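What the coordinates show
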Amino acid sequence: MDVAERASVSIAAVSVALSGKRAKIGVGDETRERIMAAAKELGYTANPSARGLVTNRSRQIAFIGREGYFLFALETIKGIESVLRKADYSLLVYFDGNWAEDQSRHLELAVARRADGIIIAGAPETPGGPNHRRIEELRRQGVPVVQIYQALYPVIPTVMADDARAGYEAVRRLIALGHTRIAHVTHDGYLDLDLPGKYAAGLARFTGYQRAMNEAGLEPLTFTYPVGFHHERAFGRSALGPLAEQIIAARVTAAFCFCDYTAIALMSVLQQLGVGIPRDISLIGYDDTEAAALCSPPLTTYAPQSREMGEAAV
């Protein structure tokens, strides 16, 4: 109203000029310039919340993640933002905490802020648990929900990397290099028997590894460490010392590791034991972390295309 009065035009004309969109009401260039000048003089900026009350759309998408996905988060958010920016949407991000209880709180915050859609990197919980029920309820209410990184919630569309293919291609690469004693080094939850979906990535990578080994008529050799050790500072020394000795005793010449941290920790322990990398044992990791490029020698690793997953999800 203030801008319309200052520019001596109708409120409808101001709405058309400031929205930048085509409408039934035509606004000439001279009138549009006068409106924009008046808005600048008055310090007018559009109020997204007020606009949302009229359109019943917040133009916000919520991304509910987990601290455990910090390696992928930044690139994924970049991918999400690249699409939202073009569509004039804003992003709400909730990334503190790792558990279903944390995400239950984040879901309610996203709903309270009237998010138009939700992308969730789900925390494992028993099928039929609170978040499973809440997400299904949101879907029935017409709120679009997409899960990312792994499939935890039934029926919900999922954007994720093909972990089984990564395991398969890693082994095929090692076989092409002439290796026959190829190990898979992973955590002891890799069969995903605790909660379906909790360790789905580990199971998928193992499945790809096993398929390639079976096709080549080679004996699968799986070595495991306690699943929670990824986040321990003493990961290499306490978890992989005895395991490295087992790998050496089994005459392994190459290994596909669950993730870069596993491969780098194993590399360090093997080198301390006098094993040359890649002279004696070749290693392949997964995640394409900065550490993979900085260790010596640099680690061969698979990149999960985190940015592309964010773009696809949003």
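Per chain, residue numbering runs from 1 following the sequence as it is written. It should be noted that, the model being predicted, local features are given only for residues of pLDDT at least 70 and side-chain atom pairs only at 80 or more, the latter also being counted only at that level, while totals for whole chains, interfaces and linings use all residues. For the side-chain quantities, the full set of heavy atoms in the structure was used; hydrogens and water were omitted.

Of note, the amide linkage connecting Ile277 to Pro278 takes the cis form, showing an omega dihedral of 5°. Runs of H or I in DSSP of at least four residues are treated as helices and runs of E of at least two as strands, each being numbered from the N terminus. One can find Pro278 in the loop between helix H11 (260-272) and strand E9 (282-286). A cis geometry characterises the amide bond from Ser296 onward to Pro297, with omega recorded as -5°. If you trace the backbone, Pro297 turns up in the loop between helix H12 (290-294) and strand E10 (300-302). For Arg114, which is not glycine, the phi torsion reads 60° and is therefore positive. Among the structural elements, Arg114 can be located in the loop between helix H6 (100-112) and strand E3 (117-120). A 1.4 Å probe rolled over the protein chains alone gives each residue an accessible area, and that area as a share of the maximum for its type sets the label: buried under 20%, exposed over 50%, partly exposed in between. Judged by its relative accessible area of 34%, Arg114 is partly exposed. A positive phi is found at Asp192, a non-glycine position, where the angle reads about 60°.

Here the rule is simple: two strands pair whenever DSSP picks up at least two bridges between them. Read from one edge of the open sheet, five strands run E2-E1-E3-E4-E5, paired in parallel fashion. Every other strand in the sheet has two partners, leaving strand E2 (90-94) and strand E5 (158-159) as the edge strands with one partner each. Bridging between E3 and strand E4 (residues 145-148) involves three bridges; their strand directions are parallel. Within E4, the residue paired with Ile120 across the bridge is Gln147. The contact definition used throughout considers only heavy atoms, calling two residues in contact when any of these lie within 4.5 Å. Working convention: axes come from line fits to C-alpha atoms, limited for helices to the stretch in contact. Angles between N-to-C directions cover 0 to 180 degrees. H6 contacts strand E1 (60-64), E2 and E3 of the sheet and is inclined by roughly 175° relative to E1.

Moving on, we get to the confidence of the model for the protein chain. Fine structural detail should not be taken from predicted coordinates in areas where pLDDT scores are low. pLDDT expresses, on a scale from 0 to 100, how confident the predictor is about each individual residue. Chain-level statistics for the protein chain give a pLDDT mean of 90 and a share of 92% at 70 or above. Between the elements of the protein chain, mean pLDDT differs from a low of 59, seen in helix H4 (residues 48-55), to a high of 98, seen in strand E8 (residues 254-257).

Moving on to the environment of Pro297. By relative accessible area, Pro297 is classed as partly exposed at 23%. Put simply, Pro297 and Glu81 are 216 residues apart on the chain and 35 Å apart in space, counted from C-alpha to C-alpha. Apart from the residues lying within four places of it in its own chain, the contact partners of Pro297 are Met267, Gln271, Ile277 and Pro278.

Right, let's talk about H6 for a bit. Multiplying 1.5 Å by the residue count of a helix minus one yields the expected span of that helix. In this model, H6 (13 residues) spans 18 Å end to end at C-alpha, consistent with the 18 Å of a helix rising 1.5 Å per residue. All of the buried residues in H6 are Ala100, Asp102, Gln103, His106, Leu107 and Ala110. Along H6, the residues classed as buried sweep out an arc of 145° about the axis, all on the same side. Residues of H6 that are exposed and point more than 90 degrees away from the buried face comprise Glu101 and Ala112. The inward-facing, buried residues of H6 abut E1, E2, E3 and helix H7 (130-140). Note on H6: the residue one or two positions beyond its end, Arg114, has a positive phi of about 60°. This arc is built from the directions going out from the helix axis to the C-beta atoms.

Locating Arg134 in the fold gives a position in helix H7. Look at Arg134 and you get buried, because its relative accessible area is 15%. At a separation of 2.6 Å, a polar atom in the side chain of Arg134 contacts the side chain of Glu108. Among all residues touching Arg134, those that are not within four sequence positions of it are Leu107, Glu108, Val111 and Gln141. Under this definition, polar contacts are N or O atom pairs within 3.5 Å; protein pairs additionally need one hydrogen-donor-capable and one acceptor-capable atom, and for neighbouring residues in sequence, both atoms have to be side-chain atoms.

On to the nonpolar core. Counting residues in each nonpolar core, the largest one holds 44 residues, and the members touching the most others are Leu266 and Leu283. Elements supplying a minimum of two residues to this core: helix H8 (163-176), strand E6 (182-187), helix H9 (200-215), strand E7 (221-225), helix H10 (235-249), E8, H11 and E9. The biggest single contributor to this core is H11, with seven residues. Apart from residues no more than four positions distant in its own chain, Leu283 is found in contact with Ala255, Cys257, Ala263, Leu266, Met267, Ile277, Leu299 and Thr300. What makes a nonpolar core is a set of buried Ala, Val, Leu, Ile, Met, Phe, Trp, Tyr and Cys residues whose side-chain atoms join them at distances within 4.5 Å.

Criterion for a salt bridge: a side-chain nitrogen of Lys or Arg within 4 Å of a carboxyl oxygen of Asp or Glu. Taken as a whole and assessed by the stated rule, the structure comprises 14 salt bridges. Between Lys78 and Glu75 there is a salt bridge, and its shortest N-O distance comes to 3.2 Å. Within this pair, Lys78 and its partner Glu75 are both found in helix H5 (residues 70-86), separated by three residues, close to a single helical turn. Taking the relative accessible area as the measure of exposure, Lys78 reaches 37% and is therefore partly exposed. Glu75 gets classed as partly exposed once you look at its relative accessible area, which sits at 33%. A salt bridge links Glu137 to Arg134; the nearest nitrogen and oxygen atoms lie 3.1 Å apart. Of this pair, Glu137 and Arg134 both sit in helix H7, separated by three residues, roughly a single helical turn. With a relative accessible area of 31%, Glu137 lands in the partly exposed category.

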